[in-house]
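Here is how the chains run, residue by residue.
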Amino acid sequence: DHLREAMPFDQIIVTMALKTVTASSAVFYFEYFRNSTENRQEKLAFGEHRAVWITRDADGTPIPTPFPAKITKAFKQAIAAHTKAGEK
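Since the structure is predicted, the reported quantities are computational estimates derived from the model, not experimental observations.

Enquirer: Just give me the short version of the layout of surface pockets, but keep the residues and values in it.
Expert: Of the pockets and cavities examined, the largest pocket occupies roughly 190 Å³. What lines the largest pocket is simply Ala17, Leu18, Lys19, Thr20, Val21, Phe28, Ala74, Phe75, Ala78, Ile79, His82 and Thr83. Of all the secondary structure elements, the ones that give two or more residues to the lining of the largest pocket are β1 (12–21) and α1 (69–87). With 6 residues, the single largest contributor to the lining of the largest pocket is α1. Its residues placed into classes, the lining of the largest pocket shows 8 nonpolar, 3 polar and 1 charged.

What follows is the structure in structure tokens.
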């Protein structure tokens, strides 16, 4: 969702958070900010991206498939770090 414009040479900061995760999909939440001269962040846009891990069957049809263990582990570590940071 677009809120306001950015200009060339603006310093843009992008944040990404894991919003939801299932065995084969994840929803990521993004925010885009312009860093102003007063060192304030002005929100430019936000949005979500849904990613699905797939394999293809013999006909080439995509089939949702559980994330590989390495990716599942990374998601769990990110969730644990966020949970721990929220407890402080």
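Enquirer: Before we move on, could you go through the sheet that holds strand β3 (residues 41–52) and cite the residues and values that matter?
Expert: Neighbouring strands of a sheet are bound in pairs by backbone hydrogen bonds; such pairs are parallel or else antiparallel. Strands sit in the order β1-β2-β3 across an open sheet of 3 strands; the sheet is antiparallel. A strand with exactly one partner marks an edge of an open sheet, and here the two such strands are β1 and β3. Sheet twist, expressed as the average angle between the axes of neighbouring strands with direction ignored, equals 20°. Relative to β3, strand β2 (residues 25–35) runs antiparallel, the two sharing 11 bridges.

Enquirer: Describe in detail the nonpolar core, supporting the description with residues and values.
Expert: Ala26, Phe28, Phe30, Phe67 and Phe75 form the largest nonpolar core, which has 5 residues in total. The leading source of residues in this core is β2, at 3 residues.

Enquirer: Describe the packing of aromatic side chains, listing the residues and the values that go with them.
Expert: One pass over the structure, following the stated rule, counts 3 aromatic pairs. Between Trp53 and Phe67, the ring centres sit 6.0 Å apart and the planes meet at 55°, which makes this aromatic pair tilted. Here Trp53, found in the loop between β3 and β4 (54–56), pairs with Phe67, found in the loop between β5 (62–64) and α1; they are 14 residues apart in sequence, far enough to count as distant. A relative accessible area of 34% places Trp53 in the partly exposed class. By relative accessible area, which is 11% here, Phe67 ends up buried. Where Phe67 meets Phe75, the ring centres are 5.2 Å apart and the plane angle is 80°; that geometry is what we call edge-to-face. Owing to a relative accessible area of 14%, Phe75 belongs among the buried residues under this scheme. One aromatic cluster is present, formed by Phe28, Trp53, Phe67 and Phe75 through successive ring pairs.

Enquirer: Describe the side chain of Glu31, with residues and values.
Expert: Examined against the element boundaries, Glu31 turns out to sit in strand β2. Among the polar contacts made by the side chain of Glu31, one reaches the side chain of Lys43 at a distance of 2.8 Å. Apart from residues no more than four positions distant in its own chain, Glu31 is found in contact with Ile13, Val14, Thr15, Lys43, Ala45 and Phe46.

Criteria and thresholds
Residues numbered from 1 in each chain as written. Predicted model: local features only at pLDDT ≥ 70, side-chain atom pairs only at ≥ 80, totals over all residues. Heavy atoms only, no water. 1 Å grid on protein atoms, 1.4 Å probe; cavity = no way out; pocket = protein on both sides within 12 Å on 5 of 7 lines; lining within 4 Å. Points joined across faces, edges and corners; volume = space filled by probe spheres on them. Helix = DSSP H or I, 4+ residues; strand = E, 2+ residues; numbered from the N terminus. Nonpolar A, V, L, I, M, F, W, Y, C, P; charged D, E, K, R; others polar. Pairing = 2+ DSSP bridges. Axes fitted to C-alpha atoms, helices over the stretch in contact; angles between N-to-C directions. Core = buried A, V, L, I, M, F, W, Y, C linked by side-chain atoms within 4.5 Å. Buried < 20%, exposed > 50% of the residue type's maximum accessible area, 1.4 Å probe, protein only. Phe/Tyr/Trp six-rings, centres within 6.5 Å; stacked < 30°, edge-to-face > 60°. Polar contact = N/O pair within 3.5 Å; in protein donor to acceptor, adjacent residues only side chain to side chain. Contact = heavy atoms within 4.5 Å.

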